[in-house]
Amino acid sequence: MQFSDRKEAEDYLAAHPEVLSIELFLIDANGVPRGKLLHRNELLAIYENGRPLPSSILALTVQGEDVDETGLVWDVADADCWTYPLPGSLTLQPWRAQPTGQVQVSMHPTQGLPAAPVDPRHVLVSTIERLKADGFHPVMAVELEFYLLDQQRDVNGRPQPAQQTNGVRPVAPQVYGVYELEQVQPFLDDLYAACALQGLPVRTAISEYAPGQLELTLEHRFDALQAIDEGVRYKRLVKGVANKHGLQACFMAKPFSDQAGSGLHLHVSLADEEGNNLYASEDPQGTPLLRHSIGGMMATLFDSLAIFCPHANSYRRFQTGSYAPLAKSWGVNNRTVSFRVPGGPAISRHIEHRICGADANPYLAAAALLAGIHHGITHQSDPGAAIVGNGYEQATDFLPTDWLTALQALERSTWAREALGAEFLKVYLAIKWREFRTFNAEVGEQDWRWYLTHA
């Protein structure tokens, strides 16, 4: 685990005398940033000696409630666990009313005990290291769909798409509509400017398949960990910029039952140490290694679905004709399958993993995805024939469409325990079972209220 050094903080403070406050955050099991707002005078000490955070910070539900069954609350007296800053994460939050900084931290492998093994970023690091040990360097990119909502609810108290700059509230999908992008131009201008300031490689923006729904793409990174770090910080940034504009960026998987869901699409390929794409082939279906990778993701899909789709609302996204997948399936240049091999030149050959909802924790989703790929390579898994044409009509091996079935599959999974770590899985399942019980007892059909703020 690589942490940053004091010089980064010294240079930052010298360059930004106007910054008096700095947001320190760590990503919890649900992908929620949690931490503290610090004074600038506290920053150097964090780079020298770390900063303690309570062990319970990694034992919280999506609502921020302690889960005693994790063993990280009262059993360990809610012990302090030391975190350290991640390189390149010290930056500005330009959406704040006052000049404010931002730094992301992660648990130290030893000083962060007992919480360190369940830090989601650690789980991903371990998965990447195992792949690299076998000569495979994962290359990844993140695509996140989200809705721009009004902070004010409709007459029934439900969320509603944000009003456009022309004073009209959108009601039609208008997918790929350029006029719709023009109508959110002030937000997009600030979003691109904030991304440039934070060094986030955000590129194409599109109006997605629902009123008020957007997607912006991030560039592929040879360092998969960097790609996911950037995806996490991008999500934090989108919420901040939206809030500045009096809006709410919603990453729920299915905020509207009659509109498209929002996905977290993860693009992945494997390279050698020199960066050569090991999936590259003139054959649109890629190399045997690509096929084994898809086969492994298919073989482990049911076991990891509760990570890709971590909430009850996540499963409402799986509907025919919705651009969300329904089954274990793959295909070339086909958006009706779970694992899509996009078209393009041989050198760009890669896999688009289309299963995750936008509410998934990017670190954990990437870890489960890469662990599945490693499983497929090790066992030379065969994904079967590629789907040609409408995958909804040809679906056979359907995904579970309920949270309970997915949680039970994860709990039974020997593969997940070995691939993601027994300590992590114990804590993650304790959190999810608590959320499951609470949801069924208190929430039910009003699930949008439960997830809207933090998804």
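Residues numbered from 1 in each chain as written. Predicted model: local features only at pLDDT ≥ 70, side-chain atom pairs only at ≥ 80, totals over all residues. Heavy atoms only, no water.

An unreviewed UniProt entry annotates the chain as Glutamine synthetase of Pseudomonas marvdashtae. Taken from UniProt, the Cofactor (unreviewed entry) comment for the chain reads in full: "Mg(2+)". (UniProt positions renumbered as here; feature names shortened; annotations may be inferred.)

To continue, consider the overall build of the chain. Check the secondary structure of the chain and you find 14 helices and 14 strands. Computed over its C-alpha atoms, the radius of gyration of the chain comes to 21 Å, within 12% of the 23 Å expected for a compact globule of 455 residues. In the chain, 73% of the contacts between residues at least 6 apart in sequence involve partners at least 24 apart. As presented, the chain carries roughly 17,600 Å² of accessible surface, and 50% of it is formed by carbon and sulfur atoms. Averaging the locations of the 36 positively and 53 negatively charged side chains of the chain gives two centres separated by 3 Å. (Helix = DSSP H or I, 4+ residues; strand = E, 2+ residues; numbered from the N terminus. Rg over C-alpha atoms; globule rule 2.2 N^0.38 Å. Contact = heavy atoms within 4.5 Å. Areas by Shrake-Rupley, 256 points an atom, 1.4 Å probe, with all protein chains shown as cover. Lys, Arg positive; Asp, Glu negative; His and termini not counted. Charge placed at Lys NZ, Arg CZ, Asp CG, Glu CD.)

Our next topic: the packing of helix H3 (residues 120-133) against helix H9 (residues 362-379). Between H3 and H9, the least distance of the axes is 8 Å, while the angle of their chain directions is 25°. It follows from the interaxial angle that H3 and H9 lie roughly parallel. H3 and H9 meet at a crossing whose hand is left-handed. Contacts between H3 and H9 involve Pro120, Arg121, Val123, Leu124, Thr127, Ile128, Arg130 and Leu131 from the first element and Tyr363, Leu364, Ala366, Ala367, Leu370, Ala371 and His374 from the second. Grouping the constituent residues of the contact of H3 with H9 by class yields 11 nonpolar, two polar and two charged. (Axes fitted to C-alpha atoms, helices over the stretch in contact; angles between N-to-C directions. Parallel < 35°, antiparallel > 145°, perpendicular 65-115°, else oblique. Left-handed = near helix turned anticlockwise from the far one by under 90°. Nonpolar A, V, L, I, M, F, W, Y, C, P; charged D, E, K, R; others polar.)

So, on to the pairing of strand E7 (residues 137-150). Among the 14 residues in E7, 14 count as buried, and that is most of the element. Burial along E7 is two-sided: His137, Val139, Ala141, Glu143, Glu145, Tyr147 and Leu149 and Pro138, Met140, Val142, Leu144, Phe146, Leu148 and Asp150, pointing in opposite directions, are all buried. Inspection of the sheet shows E7 paired to strand E9 (residues 213-218) by five bridges, in the antiparallel sense. What sits directly across from Phe146, in E9, is Leu214. The pairing of E7 with strand E10 (residues 247-250) spans four bridges and is antiparallel. Across the sheet, Asp150 pairs through a bridge with Leu247, a residue of E10. (Buried < 20%, exposed > 50% of the residue type's maximum accessible area, 1.4 Å probe, protein only. Pairing = 2+ DSSP bridges.)

Let's shift gears to the packing of aromatic side chains. In the structure shown here, the tally under the stated rule is 10 aromatic pairs. Between Tyr209 and Tyr323, the aromatic rings sit 5.4 Å apart at their centres with planes inclined by 80°, giving edge-to-face as the arrangement. Here Tyr209 is found in the loop between strand E8 (202-207) and E9, whereas its partner Tyr323 is found in the loop between helix H8 (301-308) and strand E12 (330-332), with 114 residues between them in sequence. On the accessibility criterion, Tyr209 (36% relative accessible area) is partly exposed. Accessibility expressed as a relative area gives 44% for Tyr323, which makes it partly exposed. Each residue in the set Trp403, Trp433, Phe436 and Phe439 is aromatic and connected to the rest through ring pairs, giving one cluster. Here Lys328 stacks its cationic end above the ring of Phe302, 4.3 Å away from the centre of that ring. (Phe/Tyr/Trp six-rings, centres within 6.5 Å; stacked < 30°, edge-to-face > 60°. Lys NZ or Arg CZ within 6 Å of the ring centre and 35° of its normal.)

A word on the pattern of salt bridges. Evaluation of the coordinates by the stated rule reveals 20 salt bridges. Its salt-bridge partner being Glu352, residue Arg340 comes within 2.7 Å of it at the nearest N-O pair. Residue Arg340 is found in strand E13 (residues 339-341), and its partner Glu352 is found in strand E14 (residues 351-353); the two are separated by 12 residues along the sequence. Residue Glu352 is classed as buried on the basis of its relative accessible area of 2%. Through salt bridges with shared partners, a single network forms among Arg6, Glu10 and Glu48. (Salt bridge = Lys/Arg side-chain N within 4 Å of Asp/Glu carboxyl O.)

Excluding glycine, a negative phi dihedral is what most residues carry, and trans is how most peptide bonds are arranged. Look at the link from Leu113 to Pro114: it is a cis peptide, with omega at 5°. Backbone geometry places Tyr176, a non-glycine residue, at a positive phi of 65°. Structurally, Tyr176 can be placed in the loop between E7 and helix H4 (178-182). Its relative accessible area of 54% is what places Tyr176 among the exposed residues. Positive phi outside glycine occurs at Asn333, with the angle close to 50°. With respect to the element layout, Asn333 can be found in the loop between E12 and E13.

As a further point, take helix H11 (residues 403-412). Those residues of H11 lying buried are Trp403, Ala406, Leu407, Ala409 and Leu410. Angularly, the buried residues of H11 cover 160° about the axis, an arc narrow enough to put them on a single face. Looking at where H11 begins, the residue whose side-chain oxygen comes 3.3 Å from the main-chain nitrogen of Leu404 is Asp402. (Arc of directions from axis to C-beta. Polar contact = N/O pair within 3.5 Å; in protein donor to acceptor, adjacent residues only side chain to side chain.)

A separate point is the nonpolar core. Grouped together as the largest cluster of nonpolar side chains are 130 residues, with contacts concentrated most on Met140, Phe146, Phe187, Leu191 and Tyr234. Broken down by element, the residue count for this core peaks at 11 residues, all from H9. Counting residues in hydrophobic clusters, the runner-up holds seven residues, among them Leu149, Cys250, Met252 and Ala260. (Core = buried A, V, L, I, M, F, W, Y, C linked by side-chain atoms within 4.5 Å.)

Below, the discussion takes up the environment of Asp283. Take Asp283: it is sitting in the loop between strand E11 (264-271) and helix H7 (288-299). Here the side chain of Asp283 touches Gln285 through a polar contact of 2.9 Å, landing on its backbone nitrogen.

With respect to burial, strand E1 (residues 21-27) is a largely interior element, six of its seven residues being buried. Judged from the five bridges that link them, E1 and strand E6 (residues 100-107) form a sheet pairing that is parallel. When the sheet's bridge partners are listed, Leu24 is paired in E6 with Val103. Count of turn residues in the E1/strand E2 (residues 33-39) antiparallel hairpin: five residues, of which Gly31 carries a positive phi of about 80°.

Moving on to the environment of Asn243. Here Asn243 is to be found in helix H6 (residues 224-244). On a C-alpha basis, the gap between Asn243 and Phe187 in space is 10.0 Å, while along the polypeptide they are 56 residues apart.

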